[in-house]
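The lines below spell out each chain.
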Amino acid sequence: MDMVMAQIEKVKRRKRCIAVFAVLGIAFCAFALINIGAGSVNISAEDILRIIFLQDGSLKEYNIIWKIRLPRMIMAALLGGALALSGFLLQTFFENPIAGPYVLGISSGAKMTVALTMIYLLKGETGVSSWILIIAAFAGALMSTGFILLFSKRLRNMATLLIAGIMIGYICSAITDFIVTFAEDSDIVNLNNWSLGSFSGMNWGNVQVASIVIAAAFVFIMLMSKSIGAYRLGETYARSVGVNVRLFRVVIIMLSSVLSATVTAFAGPVAFVGIAAPYLIKQLLGTSKPIVVLPAAFLGGAVFCLICDLIARTAFSPVEMNLSAITAIFGAPVVIFIMLRRKRG
């Protein structure tokens, strides 16, 4: 009887997972089309599909789609998925559901080093390599993460660790603002918009670089899914099944920093996606198994950012809103809910 009930429960969970992936897939396709079509020039779904797949349509609409909206849509999806993965890894590492690259100040550290690189180290350069920005952001992310690790050894309380991360973020943001204030106007063109979070100005070169980094990180993380699942059950259990915990923790931090750095290098700091997306996906799936949650979280983060970018572009068109303000509106309540739920527990 118990075996039958267990089998029935397993089938239910499988159906639930299939349903969640189906809904996420449909939502992704729908919002991808809406994002490409919506704007100062509205383009129908039929025209979008014809231009993308048949290379047929008016020259104006062709240029709008291929040179502006399609790269932006792809980058929003890629970077949203990367933020969700980064958040999941940090939550696994700190064993804390509100650990995320933005809340813990990791994105602010990456933002600071990118600003330094763009203003001072590459002064006089006409173009900045995407790889250089990612490396600079990675260094800043690792620096912030190092401080968080020092605090986490002494601060086991969730709220206190959150406050420590926020303070690190404020310090890095203050340094960035100080740098920008005394920089020449020619050195900070577009830096202010980028520092508030934005997917605007993306091109196919950005897409290529981001795709390589994020795809490599995603494959590596999926290969580690069994180790991640074991680690979530406790370090003792992880060691008992052969996981090198010390190496595992280093790799987790490195991968999370790479993902967070890639997002910050291209789009600036984007708030709360790394917390809200993994949490909501786990609630929808009814499981925390990494082999299932990781791809779903990536897809969920992509959909989340597509929705937020659409609102940022179109809500008060032609004025574009700050992307982090939109993601905070939707993501911050999730963080508050998690903290209240943990408090009740």
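Preceding this section is the structure that the text describes.
Only a predicted model underlies this, so the values are computations on that prediction, with no experimental measurement involved. (Residues numbered from 1 in each chain as written. Predicted model: local features only at pLDDT ≥ 70, side-chain atom pairs only at ≥ 80, totals over all residues. Heavy atoms only, no water.)

Novice: What's the story with the overall build of the chain in this structure? I'm lost.
Specialist: Secondary structure assignment for the chain yields 14 helices and 0 strands. Secondary structure elements of the chain, listed N to C terminal, follow the sequence α-α-α-α-α-α-α-α-α-α-α-α-α-α. Relative to its full complement of 345 residues, the chain shows a buried share of 50%. Summarising the internal contacts of the chain: among those between residues at least 6 apart in sequence, 78% fall at separations of at least 24. Split by element, the accessible area of the chain, about 17,000 Å² in all, is 66% carbon and sulfur. (Helix = DSSP H or I, 4+ residues; strand = E, 2+ residues; numbered from the N terminus. Buried < 20%, exposed > 50% of the residue type's maximum accessible area, 1.4 Å probe, protein only. Contact = heavy atoms within 4.5 Å. Areas by Shrake-Rupley, 256 points an atom, 1.4 Å probe, with all protein chains shown as cover.)

Novice: Would you explain the pattern of salt bridges in this entry?
Specialist: If the charged atoms of two oppositely charged side chains come close together, the side chains can form a pair. By the definition in use, this model includes 6 salt bridges. Across the pair Arg249 and Glu235 runs a salt bridge whose closest N-O atoms are separated by 3.2 Å. In this pair, Arg249 sits in helix α11 (residues 245-267) while Glu235 sits in helix α10 (residues 235-240), placing the two residues 14 residues apart along the sequence. For Arg249, a relative accessible area of 27% corresponds to the partly exposed category. The network of salt bridges with common partners includes Asp47, Arg50 and Asp56. (Salt bridge = Lys/Arg side-chain N within 4 Å of Asp/Glu carboxyl O.)

Novice: Is there a simple way to think about unusual backbone geometry in this case?
Specialist: For residues besides glycine, phi is generally negative; the peptide bonds are generally trans as well. One non-glycine residue, Gln55, lies in positive phi territory at about 55 degrees. Looking at where Gln55 falls in the secondary structure, it is placed in the loop between α2 (45-54) and α3 (59-94). For Gln55, a relative accessible area of 43% translates into the label partly exposed. Here Glu95, not a glycine, exhibits a phi torsion of approximately 55 degrees, which is positive.

Novice: Which parts of the structure should I look at to understand the side chain of Ser256?
Specialist: In this fold, Ser256 is placed in helix α11. Those residues in contact with Ser256, other than ones at most four positions away along the chain, are Ser86, Leu89 and Leu90.

Novice: How do you make sense of the packing of α3 against helix α9 (residues 225-232) when you look at a structure like this?
Specialist: For any two helices packed against each other, one specifies the crossing angle of their axes together with the interaxial distance. With their axes 9 Å apart at the nearest point, α3 and α9 run at an angle of 40 degrees to one another. As the angle between them shows, α3 and α9 are arranged oblique. Handedness of the α3/α9 crossing: left-handed. Two secondary-structure elements touch here, α3 through Phe88, Leu89, Thr92 and Phe93 and α9 through Ile228, Tyr231 and Arg232. The residue inventory of the contact of α3 with α9, partitioned by class, reads 5 nonpolar, 1 polar and 1 charged. (Axes fitted to C-alpha atoms, helices over the stretch in contact; angles between N-to-C directions. Parallel < 35°, antiparallel > 145°, perpendicular 65-115°, else oblique. Left-handed = near helix turned anticlockwise from the far one by under 90°. Nonpolar A, V, L, I, M, F, W, Y, C, P; charged D, E, K, R; others polar.)

Novice: How should I be thinking about the packing of aromatic side chains in this particular structure?
Specialist: Both the distance between ring centres and the angle between the ring planes are used here to describe each pair of aromatic rings. The final tally for this structure, using the stated rule, is 7 aromatic pairs. A ring pair is formed by Tyr62 and Trp66, whose centres lie 6.3 Å apart and whose planes are at 35 degrees; its orientation type is tilted. Residue Tyr62 and its partner Trp66 are both found in helix α3; the two are separated by 4 residues, about one turn of the helix. Using a relative accessible area of 27% as the deciding quantity, one classes Tyr62 as partly exposed. Plain terms: the ring middles of Tyr279 and Phe337 are 6.3 Å apart, the flat faces sit at 65 degrees to each other, and that makes the pair edge-to-face. On the criterion of sequence distance, the pair formed by Tyr279 in helix α12 (residues 273-285) and Phe337 in helix α14 (residues 323-344) is long-range, its members being 58 residues apart. Overall, Tyr279 belongs to the buried group, its relative accessible area being 10%. Aromatic rings pair up to connect Tyr62, Trp66 and Trp204 into one cluster. Between Arg249 and the ring centre of Phe93, over which it is positioned, the NZ or CZ distance is 4.3 Å. (Phe/Tyr/Trp six-rings, centres within 6.5 Å; stacked < 30°, edge-to-face > 60°. Lys NZ or Arg CZ within 6 Å of the ring centre and 35° of its normal.)

Novice: Could you clarify how one ought to interpret the packing of helix α8 (residues 204-223) against α11 in this entry?
Specialist: With their axes 11 Å apart at the nearest point, α8 and α11 run at an angle of 160 degrees to one another. When the axes of α8 and α11 are compared, the pair comes out roughly antiparallel. In this structure, the crossing between α8 and α11 has a hand that is left-handed. Residues Asn206, Val209, Ala210, Val213, Ile214, Ala217, Phe220 and Ile221 of α8 pack against Val251, Leu255, Val258, Leu259, Thr262 and Phe266 of α11. Partitioning the contact of α8 with α11 into residue classes produces 12 nonpolar, 2 polar and no charged.

Novice: Could you clarify how one ought to interpret a positive patch on the surface in this entry?
Specialist: On the surface, a cluster of positive charge is contributed by Lys10, Arg13, Arg14 and Lys289. Position of Arg14 among the secondary structure elements: in helix α1 (residues 2-37). (Patch = residues over 30% accessible without salt bridge, like charges linked within 9 Å, V, L, I, M, F, W, Y side chains within 5 Å. Lys, Arg positive; Asp, Glu negative; His and termini not counted. Charge placed at Lys NZ, Arg CZ, Asp CG, Glu CD.)

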